[in-house]
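Structure at a glance
Below are the chains, spelled out letter by letter.
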Amino acid sequence: MERSFQLLACLVCIVLMGSFVETERDTTGNLLNTEVHSAPAQRWSMQVPAEVSAAGEAAVLPCTFTHPHRHYDGQLTAIWRTGEPYAGPQVFRCAAARGSELCQTELSLHSRFRLLGNPRRNDLSLRVERLALADDGRYFCRVEFAGDVHDRYESRHGVWLRVTAAPRIVNISVLPGPSHAFHALCTAEGEPPPTLSWSGPALGNGSAVLSGPGEDHGHQVTAELPALTHDGRYTCTASNSLGRAEASVYLFRFRGASGASAIALPLGALGLKALLLLCVLAARAAAGRRLEHPVMQDTPPRPQAQESNYENLSQMSPRGPPAAMCLP
């Protein structure tokens, strides 16, 4: 009995010293064999969060690791890639010479990636600057040892960078259609993807055909206003949980002597130049009608060339003053 207690105490001491014991017993539970194996002090591992959310100018991707090589001071390389592990494109790479804690940057995609951690202290944390919606995706950290020890390790699941952003209207335009008709398109981006609505003369809100995020532009949505039936201001509004944005176009139809629609002029933010242009066009149209008034009966009226022109609005404040209009 005393011998059994001594053996048990010895096994406990071995486990506490960093080794593990493998035993074999028969069917009745009697001890047949005992083997003691030395356990390594550390193994390769990487610790990264499952997801990082960012809504601003920069984001930090944490990554720390452990390795089985005690007091390693040889050459090492730190790598970050995106898309998929082991084969995805690299966005950052730096190398530290033997005995040096300075990791010299060799690659930083668009100069927007910067190492925050110290690889000598098992930290590969990365900072992403000038954050954009296109940066959304999964990132993988990797470390490589060289020299006397050739070893490397990479995170298999990586960290998902989820970029959020308030809506931004990318494009708003008016396009001609058959029979002198026009339709409007509005494209906005944001995360979560924004909802779009149109408002305008005799229109109310929300009378639009909406297309959701596409495969190539997962953060963009487009809304179409099928028919512009009245002159005036048409406004597209994009909104999500982080904010909203608005942009507008102005549609004016001028009628020549033949009575047909001659010019369609959607305008964006009516600045001084655009307002002067509108007044000049109106004056020319009025002067043309006065000159063509005394036309002989046997002379058919000369057809007037039809033009279509528009100018997009970049962004405008929803509380801005109403634009002035100059009509013929």
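For the structure itself, consult the block above.
First things first, this report covers the structure right here in the doc.

The rules behind each value
Residues numbered from 1 in each chain as written. Predicted model: local features only at pLDDT ≥ 70, side-chain atom pairs only at ≥ 80, totals over all residues. Heavy atoms only, no water. Salt bridge = Lys/Arg side-chain N within 4 Å of Asp/Glu carboxyl O. Helix = DSSP H or I, 4+ residues; strand = E, 2+ residues; numbered from the N terminus. Buried < 20%, exposed > 50% of the residue type's maximum accessible area, 1.4 Å probe, protein only. Disulfide = S-S within 2.5 Å.

The full count for this structure, using the stated rule, is twelve salt bridges. Between Glu51 and Arg162 there is a salt bridge, and its shortest N-O distance comes to 3.3 Å. Here the residue Glu51 occupies a position in strand β4 (residues 51–54), and Arg162 occupies one in strand β14 (residues 159–163), the gap between them amounting to 111 residues. In this structure Arg162 comes out as partly exposed when scored by relative accessible area, which is 32%. Of the charged contacts, one joins Asp135 and Arg112 as a salt bridge, the two residues approaching to 2.7 Å between their closest N and O atoms. Within this pair, whereas Asp135 is found in the loop between β11 (126–129) and β12 (137–145), its partner Arg112 is found in the loop between β9 (104–108) and β10 (113–115), the two being separated by 23 residues in sequence. Asp135 gets classed as buried once you look at its relative accessible area, which sits at 6%. By sharing partners, the salt bridges in this structure join Arg81, Arg142, Glu144 and Glu154 into a single network.

Let us look at the state of the cysteines. For the coordinates displayed, the defined rule picks out three disulfides. Linked covalently through their sulfurs, Cys63 and Cys141 form a disulfide whose S-S length is 2.1 Å. An S-S torsion of about 75° defines the bridge between Cys63 and Cys141 as right-handed. On the criterion of sequence distance, the pair formed by Cys63 in the loop between β5 (58–61) and β6 (64–66) and Cys141 in strand β12 is long-range, its members being 78 residues apart. Since its relative accessible area comes to 0%, Cys63 is described here as buried. In this model, Cys186 is linked to Cys236 through a disulfide, with the two sulfur atoms separated by 2.1 Å.

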